[in-house]
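Next come the chains, spelled out residue by residue.
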Amino acid sequence: MVLEGELMLHMIHVSGERMIESGVDALSRGDTTKGVMQENSMLTYFPFHLGADQRSDTLAPWVNSW
């Protein structure tokens, strides 16, 4: 069987500090009292909904300086 289609794969890196803060790393140990398990939005810890220019005050001036 051959599957055909289009796939868009985004590779991202999340720092260990963000993983700890969000509580995601604690889930593997059964700890459900931290971060997203307290009904906090995942976007609070991982702002994927924002563009790079919205996450950094210094990016646009740096790009425009070229």
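About the criteria used
Residues numbered from 1 in each chain as written. Predicted model: local features only at pLDDT ≥ 70, side-chain atom pairs only at ≥ 80, totals over all residues. Heavy atoms only, no water. Phe/Tyr/Trp six-rings, centres within 6.5 Å; stacked < 30°, edge-to-face > 60°. Buried < 20%, exposed > 50% of the residue type's maximum accessible area, 1.4 Å probe, protein only. Helix = DSSP H or I, 4+ residues; strand = E, 2+ residues; numbered from the N terminus. Contact = heavy atoms within 4.5 Å. Polar contact = N/O pair within 3.5 Å; in protein donor to acceptor, adjacent residues only side chain to side chain. Patch = residues over 30% accessible without salt bridge, like charges linked within 9 Å, V, L, I, M, F, W, Y side chains within 5 Å. Areas by Shrake-Rupley, 256 points an atom, 1.4 Å probe, with all protein chains shown as cover. Salt bridge = Lys/Arg side-chain N within 4 Å of Asp/Glu carboxyl O.

Draft legend 1. Quick look at the packing of aromatic side chains. The full count for this structure, using the stated rule, is two aromatic pairs. Ring centres 6.1 Å apart and planes at 10° place the aromatic pair Phe 46 and Phe 48 in the stacked group. Taking the relative accessible area as the measure of exposure, Phe 48 reaches 51% and is therefore exposed.

Draft legend 2. How the structure looks around the environment of Arg 18. Mapped onto the elements of the fold, Arg 18 is located in helix H1 (residues 16-22). By relative accessible area, Arg 18 is classed as partly exposed at 38%. Here Arg 18 is in contact with Tyr 45, Phe 46 and Pro 47, once residues within four sequence places are set aside. A polar side-chain atom of Arg 18 sits 2.6 Å from the main-chain carbonyl oxygen of Tyr 45.

Draft legend 3. Inspection of a nonpolar patch on the surface at higher detail. Taken together, the side chains of Leu 59, Trp 62, Val 63 and Trp 66 define a hydrophobic patch exposed on the protein surface, amounting to about 500 Å² of accessible area. Looking at the element boundaries, Leu 59 is found in helix H5 (residues 59-64).

Draft legend 4. Fine view of the pattern of salt bridges. Per the counting criterion, the structure on display carries two salt bridges. The salt bridge involving Asp 25 is made with Arg 29; its shortest N-O contact spans 3.8 Å. Look at Asp 25 and you get partly exposed, because its relative accessible area is 25%. Its relative accessible area of 62% is what places Arg 29 among the exposed residues. For Asp 31, the salt bridge goes to Lys 34, with nearest N and O atoms at 2.9 Å. The exposure class assigned to Asp 31 is partly exposed, which follows from its relative accessible area of 21%.

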